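Coordinate inspection notes
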Amino acid sequence: MSQIFTKNANTLARASLVAVVLAGGVFGWLIVAVPRSDYITRVDVPRPQPVPFSHKHHAGGMGIDCRYCHTTVETSGFANIPPTKTCMNCHSQLFTNAALLEPVRASFRNDTPLAWTRVHDLPDFVYFDHSIHVSKGVGCATCHGRVDQMPLMYKENTLQMEWCINCHRHPEEFLRPRDQVFNMQYQPPANQIELGRRLVKEYNVAGVQQITSCSTCHR
Amino acid sequence: MCVAFALVAVTACRQDMQDQPRYKPLAASDFFKDGASARPLVADTVARGQARLDSLLYTGKVDGVVVDQFPFPVTQAVLDRGQERFDIFCSPCHGPLGDGDGMVVRRGFRRPPSYHIDRLRDAPVGHFFDVMTNGFGAMQDYRAQVPVRDRWAIAAYIRALQLSQHATMADVPPAGRATLGRPASSGQESQR
């Protein structure tokens, strides 16, 4: 009776040991890397919008303050998407023939809101409030990036929990004086940690224990 | 086995917690005819505590006449607030000094009059509140963007701007006169 296993079965058996380890590694890497990939988080990916609104032109070139449109960012959890009327404050006279702006004019004529695509969309099980972050000295650009340099809106950061909690654990690395919150060009000073520690005290930022508690954001 | 585990893991992915059946602000709705979840006020209703009985505060007029008084005392805090709000909402057209030379005007918007002409220097302060509330000429109203008290704070700051452009040496405290004419980087204007 001949042998069931030929001699090179030994090699196959050894190789399969390596293959199992490798496959496990690849699988583990997929679990770690896929949820963080731009494909899933949509970081750096502009979304299709009814009008190609450019923050670079309005906030950067024209120097319009964030709060001109996002009027409730200091007082409410929601920063506000401006009504079409806000667009028409200027575009009643500027670029009145531009085909690009026809959806804006149609929206104003017909009293139907523009349906923007939400770029920063937190999961519904996360509680987030703009006003508290603004009043404690978190700059717009800290989370949203240099919006004044974005021709089309995209996410600068993942908004994933590990990203949020990095700042909640080390607020002193990110805080800035309140009067600099809306300054897009702000550069942190060399003594940021020292300044940050002072601001944490001055603005009564809750302790790290409290702002990293589960129920602070999952309530 | 890995494939089997991956299949189980994938089928476990549901988005019910991620997208809960509730409205976020300004979300779309297929329930209401206009497709919006945010509902406008029913006509002729007044929310509790929001009856606007104080005509001076809410219209800048008393008995239909534009007044030259503020509905609350103007303090340094009010002026600071007015400056901040002016820079956000007004300076794009009126310019940081109020001379009508803002960035939007430079791009072709109809030029507003300077605040420093006699007609506007003599205008009662209620006039500025009224223009912010109801619009004027090419300027749209700002009642939705700027709350009532902020509009008064801006009106106060406009008065301060008017004074600043017609100041004489006698208005400068003696201690500050020596610093006039120096570059503005450390001047009084940048101190807030």
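These lines cover the structure that appears in this document, whether it is placed above or below. Just so it is clear, the structure is predicted and the values come from calculations on it, not from any experiment.

Helix and strand counts for chain B come out as nine helices and two strands. Beginning at the N terminus, the succession of helices and strands in chain B can be written as α-α-β-β-α-α-α-α-α-α-α. Expressed as a percentage of its 192 residues, the buried residues of chain B come to 33%. Taking all contacts inside chain B whose residues are at least 6 apart in sequence as the whole, residues at least 24 apart take part in 48%. With the model as given, the accessible surface of chain B reaches about 12800 Å², and the carbon-plus-sulfur share is 58%.

Once that is clear, we can look at the overall build of chain A. When its secondary structure is counted, chain A shows 12 helices and zero strands. Sequence-ordered secondary structure for chain A, helices as α and strands as β, is α-α-α-α-α-α-α-α-α-α-α-α. Over its C-alpha atoms, taken along the principal directions, chain A stretches across nearly 95 × 50 × 35 Å. Counting only residues that meet the buried cut, chain A has 32% of its 219 residues in that class. A sequence separation of at least 24 residues applies to 65% of the contacts in chain A between residues at least 6 apart. In the form shown here, chain A has an accessible surface area of approximately 13700 Å², with 62% of it arising from carbon and sulfur atoms. In chain A, which carries 21 positive and 17 negative side-chain charges, the distance between the mean positions of the two groups comes to 5 Å.

Residues and elements named next belong to chain A. In this structure the tally under the stated criterion is one cavity of 30 Å³ or more. One number sums up the size of the largest cavity: a volume of about 30 Å³. For the largest cavity, the full set of lining residues is M88, H91, L94, F95, L101, V104 and R105. Every element with two or more residues in the lining of the largest cavity is listed here: helix 5 (84–91) and helix 6 (102–110). Of the residues assigned to the lining of the largest cavity, the class counts are five nonpolar, one polar and one charged.

Before going further, it helps to examine the side chain of R151(B). All names here are of chain B. By secondary structure assignment, the location of R151 is in helix 8 (residues 148–164). Among buried charged residues, R151 stands out as having no salt bridge; its nearest opposite-charge side chain is D141, 7.7 Å away. Discounting chain neighbours no more than four positions away, the residues touching R151 are F129, M132, T133, Y142, R143 and V146.

All names here are of chain A. Here the structure, examined in full by the defined rule, presents zero disulfides over all chains. Free of any disulfide, C66 has its nearest neighbouring cysteine sulfur in C140, separated by 4.1 Å. With no disulfide of its own, C164 has C217 as its nearest cysteine by sulfur position, at a separation of 6.6 Å.

Before going further, it helps to spend a moment on the interface of chain B and chain A. Contact residues are listed per partner, giving 26 residues for chain B and 26 residues for chain A. Between chain B and chain A, a total of about 2600 Å² is buried, with carbon and sulfur atoms accounting for 58% of that surface. Applying the counting criterion to the chain B and chain A interface returns four salt bridges. In this structure, the salt-bridge partner of K24(B) is D121(A), at a minimum N-O distance of 3.0 Å. Viewed at the interface, chain A and chain B are joined by 13 residue pairs in polar contact (both at pLDDT 80 or more). At the level of secondary structure, the elements contributing two or more residues to the side of chain B that touches chain A comprise helix 1 (2–11), helix 3 (76–89) and helix 5 (103–106) of chain B.

With that out of the way, let us pick up unusual backbone geometry. Backbone geometry at D44(A) places phi at a positive 70 degrees, although glycine is not the residue there. Positionally, D44(A) belongs in the loop between helix 2 (38–41) and helix 3 (55–61). Taking relative accessible area as the criterion, D44(A) reaches 45% and is therefore assigned partly exposed. Look at L26(B): it is not a glycine, yet its phi comes out positive at around 65 degrees. Assignment of secondary structure puts L26(B) in the loop between helix 1 and helix 2 (55–59).

Moving on to the packing of helix 7 (residues 125–134) of chain B against helix 8 of chain B. All names here are of chain B. It is the contact of helix 7 with helix 8, at a shortest axis distance of 9 Å, that shows an interaxial angle of 130 degrees. Judged by the angle between their axes, helix 7 and helix 8 are oblique. Here helix 7 and helix 8 pass one another in a crossing that is right-handed. Mapping the contact onto sequence places V125, G126, F128, F129, M132 and T133 in helix 7 and V148, R151, W152, I154, A155, I158, R159 and Q162 in helix 8. Class assignment of the residues belonging to the contact of helix 7 with helix 8 gives a composition of nine nonpolar, three polar and two charged.

Parameters and conventions
- Residues numbered from 1 in each chain as written.
- Chains lettered and ligands numbered in written order.
- Predicted model: local features only at pLDDT ≥ 70, side-chain atom pairs only at ≥ 80, totals over all residues.
- Heavy atoms only, no water.
- Helix = DSSP H or I, 4+ residues; strand = E, 2+ residues; numbered from the N terminus.
- Buried < 20%, exposed > 50% of the residue type's maximum accessible area, 1.4 Å probe, protein only.
- Contact = heavy atoms within 4.5 Å.
- Areas by Shrake-Rupley, 256 points an atom, 1.4 Å probe, with all protein chains shown as cover.
- Lys, Arg positive; Asp, Glu negative; His and termini not counted.
- Charge placed at Lys NZ, Arg CZ, Asp CG, Glu CD.
- 1 Å grid on protein atoms, 1.4 Å probe; cavity = no way out; pocket = protein on both sides within 12 Å on 5 of 7 lines; lining within 4 Å.
- Points joined across faces, edges and corners; volume = space filled by probe spheres on them.
- Nonpolar A, V, L, I, M, F, W, Y, C, P; charged D, E, K, R; others polar.
- Salt bridge = Lys/Arg side-chain N within 4 Å of Asp/Glu carboxyl O.
- Disulfide = S-S within 2.5 Å.
- Buried area = accessible area lost by both parts, 1.4 Å probe.
- Polar contact = N/O pair within 3.5 Å; in protein donor to acceptor, adjacent residues only side chain to side chain.
- Axes fitted to C-alpha atoms, helices over the stretch in contact; angles between N-to-C directions.
- Parallel < 35°, antiparallel > 145°, perpendicular 65-115°, else oblique.
- Left-handed = near helix turned anticlockwise from the far one by under 90°.

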